[in-house]
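So the chains spell out like this:
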Amino acid sequence: MRVKLSLYLDLIRWNRPAGWLLLLWPTLSALWLAHGGFPGWHLVVVFTLGTILMRSAGCCVNDVADREFDKHVKRTAQRPVTSGRISSREALAVGGVLAAAAFGLVLTTNAVTIAWSFAALAVALVYPYAKRYVSMPQAVLGVAFSFGIPMAYAAVRGDIPWQAWALLVGNLFWVLAYDTEYAMVDRDDDLRIGMKTSAITLGRWDVPAVMAFYLVYLALWSWLVLPELGAAWGWWLGVAGAAVQVVWHGTLIRDRSREGCFKAFRLNHWVGFSVFVGVLLSVGL
């Protein structure tokens, strides 16, 4: 039983929390922005646990979808499904239980949030297969990883204003930045097996594109949130912290080494955390 539990934890990347933190910070930022301050412990707990559960369920689906490709990539060859230690059916069952638990949390919110949760699930299920047909599948991931933003607004306000969708678009550029860094790690393997990624599509423009994606993300969010903030200095302090990290990431990826690109990707959640701190300092705890 202990061995099986260890495999399940490995399946959902339990020892790598950076994945769910990348989803959590923009979602919490949206909760605070939608409410104009602390949204209450109920919504904080629902969206925090829901983020962890859905990211874990997404890992299950992704590993089943990519099991044949992952065999040919050094970094992923020993994943539980790819290595045969967990069957595809078992992995999907685990993912289904986790998604059901997340939906149970959504049921404690309101009808608008519940309705949009089905759209969020659909995008999450589409992404693993987008890598076969879309030259920039990171854009699909960007929608999936940003859907907590409109859902947060729905949970707080009972509807989704245009600003929430615009924030989703802005966050999509952040996802494009860090997931392109991630794709740069596996570019040689992906070229060999015929996988489509933004790192391959962008070619020698990958590094300047990543930096441009970061810039659009921070600029668009600033344009959208500043009119809603009580203290702009707090926002700019958070953005400055994020910008310093972006410059550092540029130095990590400029030579396109696997180690540098993976480190930049792995530490990206601190960029999102800095932006969240900017929101907190501006609208209050």
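Here the structure is a predicted model, which is why all the values come from computation and not from measurement. Numbering of residues begins from 1 in every chain and follows the order in which that chain's sequence is written. Since the coordinates come from a predicted model, pLDDT governs what is reported: local features require at least 70, and pairs of side-chain atoms require 80 or more to be given and counted, while whole-chain, interface and lining totals use all residues. Computation of side-chain values covers all heavy atoms of the structure but excludes hydrogens and water.

1. With respect to the overall build of the protein
1) Next: Assigned secondary structure in the protein consists of 15 helices and zero strands.
2) Next: Note that the radius of gyration is over C-alpha atoms, with the globule rule given as 2.2 Å times the number of residues to the power 0.38. For 285 residues, the compact-globule estimate of 2.2 N^0.38 gives 19 Å, and the C-alpha radius of gyration of the protein, at 19 Å, lies within 12% of that figure.
3) Next: For the protein, the spread of C-alpha atoms along the three principal axes comes to 50 × 45 × 35 Å.
4) Next: The classification of residues rests on relative accessible area computed with a 1.4 Å probe and restricted to protein chains. Under 20% of the type maximum is buried, over 50% is exposed, and intermediate values are partly exposed. Here the protein holds 285 residues, and 55% of them are scored as buried.
5) Next: Only heavy atoms matter for contacts: two residues are in contact if any of them lie within 4.5 Å across the pair. Of the contacts formed within the protein by residues at least 6 apart in sequence, a portion of 74% connects residues at least 24 apart.
6) Next: Surface accessibility of the protein: about 12700 Å² in total, with carbon and sulfur atoms responsible for 69%.
7) Next: Counting 24 positive and 17 negative side-chain charges, the protein places the centres of these two groups 4 Å from one another. By the criteria applied, helices consist of DSSP H or I runs no shorter than four residues and strands consist of E runs no shorter than two, each listed in order from the N terminus. Only the protein chains shown count as cover for residues, and the accessible areas themselves come from Shrake-Rupley with a 1.4 Å probe. By the counting scheme adopted, Arg and Lys are positive, Glu and Asp are negative, and His together with the chain ends is not counted. For the purpose of locating charges, the reference atoms are NZ of Lys, CZ of Arg, CG of Asp and CD of Glu.

2. Some remarks on the packing of aromatic side chains
1) Next: Only the six-membered ring of Trp is used, alongside the rings of Phe and Tyr, when aromatic pairs are assigned; centres must lie within 6.5 Å, and planes under 30 degrees apart are stacked while those over 60 apart are edge-to-face, with the rest tilted. In total, this model carries 19 aromatic pairs according to the counting rule given.
2) Next: Judged by centre distance (6.5 Å) and plane angle (50°), the rings of Trp162 and Trp223 are tilted. A residue pair is termed long-range when its members are at least 10 positions apart, and Trp162 in helix α9 (residues 162-185) and Trp223 in helix α12 (residues 206-225) qualify at 61 residues.
3) Next: Judged by relative accessible area, which is 53%, Trp162 ranks as exposed.
4) Next: Taking the relative accessible area as the measure of exposure, Trp223 reaches 57% and is therefore exposed.
5) Next: For the ring pair Tyr178 and Phe265, a centre distance of 6.1 Å and an interplane angle of 55° mean the geometry is tilted.

3. Brief notes about helix α5 (residues 88-106)
1) Next: Counted at 1.5 Å a residue, the expected span for α5 with its 19 residues is 27 Å, and the 27 Å between its end C-alpha atoms agrees.
2) Next: Of the positions making up α5, those classed as buried are Ala91, Val94, Gly95, Leu98, Ala102, Leu105 and Val106. For α5, the buried positions fall inside an angular range of 130° around the axis, keeping them on one side. Residues of α5 that are exposed and point more than 90 degrees away from the buried face comprise Arg89 and Val97.
3) Next: Structurally, α5 contributes buried residues whose contacts are with α1 (2-11), α3 (41-65), α6 (111-130) and α8 (148-157). Here the expected span of a helix is defined as 1.5 Å times the quantity of residues minus one. The arc in question is the one traced by the directions running from the helix axis out to the C-beta atoms.

4. What to know about the side chain of Asp63
1) Next: Of note, Asp63 is situated in helix α3.
2) Next: The term polar contact refers here to a pair of N or O atoms within 3.5 Å; inside protein, the definition further demands a hydrogen-donor-capable atom paired with an acceptor-capable atom, and it admits residues adjacent in sequence only when both atoms are side-chain atoms. Of note is the side chain of Asp63, whose polar atom sits 2.8 Å from the side chain of Arg13.
3) Next: Not counting residues within four places of it along the chain, the set of residues in contact with Asp63 comprises Leu11, Arg13, Arg79 and Val81.

5. Description of α8
1) Next: Counting buried positions over the ten residues of α8 gives eight, a clear majority of the element.
2) Next: Inspection of α8 places Gly148, Ile149, Pro150, Met151, Ala152, Tyr153, Ala154 and Ala155 among the buried residues, and these make up the whole buried set.
3) Next: Phi turns positive one or two residues past the end of α8, at Gly158, with a value near 85°.

6. Looking at the packing of helix α2 (residues 18-35) against helix α15 (residues 269-283)
When two helices pack together, their arrangement is given by the angle between their axes and by how far apart the axes lie.
1) Next: To obtain an axis, a line is fitted to C-alpha atoms, over the contacting stretch when the element is a helix, and the angle between two such axes runs from 0 to 180 degrees between their N-to-C directions. Where α2 meets α15, the closest approach of the two axes is 9 Å, and the angle between their N-to-C directions is 15°. Relative to α15, α2 is oriented roughly parallel. Here α2 runs over α15; the crossing is left-handed. In this structure, α2 uses Ala18, Leu21, Leu22, Trp25, Leu28, Ser29, Trp32 and Leu33 to contact α15, whose residues at the interface are His269, Gly272, Phe273, Val275, Phe276, Val279, Leu280 and Val283.
2) Next: Only Asp, Glu, Lys and Arg are considered charged in this grouping, and only Ala, Val, Leu, Ile, Met, Phe, Trp, Tyr, Cys and Pro are considered nonpolar; every other residue, Gly among them, is considered polar. Across the contact of α2 with α15, the residue classes break down as 13 nonpolar, three polar and no charged. The cut-offs work like this: below 35 degrees is roughly parallel, past 145 is roughly antiparallel, 65 to 115 is roughly perpendicular, and the gaps in between are oblique. Here a crossing is taken to be left-handed if its near helix is turned anticlockwise relative to the far helix by less than a right angle, and right-handed if that turn runs clockwise.

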